[in-house]
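Observations on the model geometry
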Amino acid sequence: MINYKHPQNGSNYHTSFITFLDNFTYFDSNGVIFTPLKTIVEGYWQTLRMGDQLPVDYELPSGRTR
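Rules and cut-offs
Residues numbered from 1 in each chain as written. Predicted model: local features only at pLDDT ≥ 70, side-chain atom pairs only at ≥ 80, totals over all residues. Heavy atoms only, no water. Helix = DSSP H or I, 4+ residues; strand = E, 2+ residues; numbered from the N terminus. Contact = heavy atoms within 4.5 Å. Areas by Shrake-Rupley, 256 points an atom, 1.4 Å probe, with all protein chains shown as cover. Pairing = 2+ DSSP bridges. Axes fitted to C-alpha atoms, helices over the stretch in contact; angles between N-to-C directions. Buried < 20%, exposed > 50% of the residue type's maximum accessible area, 1.4 Å probe, protein only. Polar contact = N/O pair within 3.5 Å; in protein donor to acceptor, adjacent residues only side chain to side chain. Patch = residues over 30% accessible without salt bridge, like charges linked within 9 Å, V, L, I, M, F, W, Y side chains within 5 Å. Salt bridge = Lys/Arg side-chain N within 4 Å of Asp/Glu carboxyl O.

Right, let's talk about the overall build of the protein for a bit. Across its full length, the protein carries one helix and three strands. Order of helices (α) and strands (β) in the protein, N terminus to C terminus: β-β-β-α. Of the contacts made within the protein by residues no fewer than 6 positions apart, 27% connect residues no fewer than 24 positions apart. A total accessible area of about 6100 Å² is found for the protein, and carbon and sulfur atoms account for 53% of it.

If you want it as structure tokens, here you go:
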């Protein structure tokens, strides 16, 4: 469980839950989980759509900009 006070919301606390579905979870040096399909994110972090972020090693196809 992650619970922290968010300064923009006064006394509201944002709470998130991360459930790990495997015995071990591996992170890279940037804190990115190597096996994101083995985790469930619920609560505030789920509303931020963190699961929709691009992979860390994503690169635009050559010849394309934005």
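That covers the picture; the talk isn't over yet.
With that settled, consider the sheet that holds strand β3 (residues 39-43). Strands sit in the order β1-β2-β3 across an open sheet of three strands; the sheet is antiparallel. Unpaired on one side and paired on the other, β1 (2-5) and β3 mark the two borders of the sheet. Between one strand axis and the next, the sheet turns through 20° on average, direction left out of account. Examined bridge by bridge, β1 and strand β2 (residues 13-20) share four bridges and lie antiparallel to one another.

Moving on: the side chain of serine 16. By the secondary structure assignment, serine 16 is in strand β2. A residue is classified by how much of its surface remains accessible, and serine 16, at 0% relative accessible area, is buried. A distance of 3.5 Å separates the side chain of serine 16 from the backbone nitrogen of tyrosine 44, its partner in a polar contact.

Let us now look at a nonpolar patch on the surface. The grouping of Phe24, Tyr26 and Phe34 at the surface amounts to a nonpolar patch, some 410 Å² of accessible area in total. Along the chain, phenylalanine 34 falls in the loop between β2 and β3.

To continue, consider the side chain of threonine 39. Checked against the element boundaries, threonine 39 lands in strand β3. On the basis of relative accessibility, which here comes to 15%, the residue threonine 39 falls in the buried class. At a separation of 2.9 Å, a polar atom in the side chain of threonine 39 contacts the main-chain carbonyl oxygen of proline 36. Leave out the neighbours within four places in its chain, and threonine 39 touches Thr19, Phe20, Leu21 and Ile33.

A few words now on the pairing of β2. Across five bridges, β2 lies against β3 in antiparallel orientation. Paired with threonine 19 across the bridge in β3 is isoleucine 40.

That is the geometry; function is a separate question.
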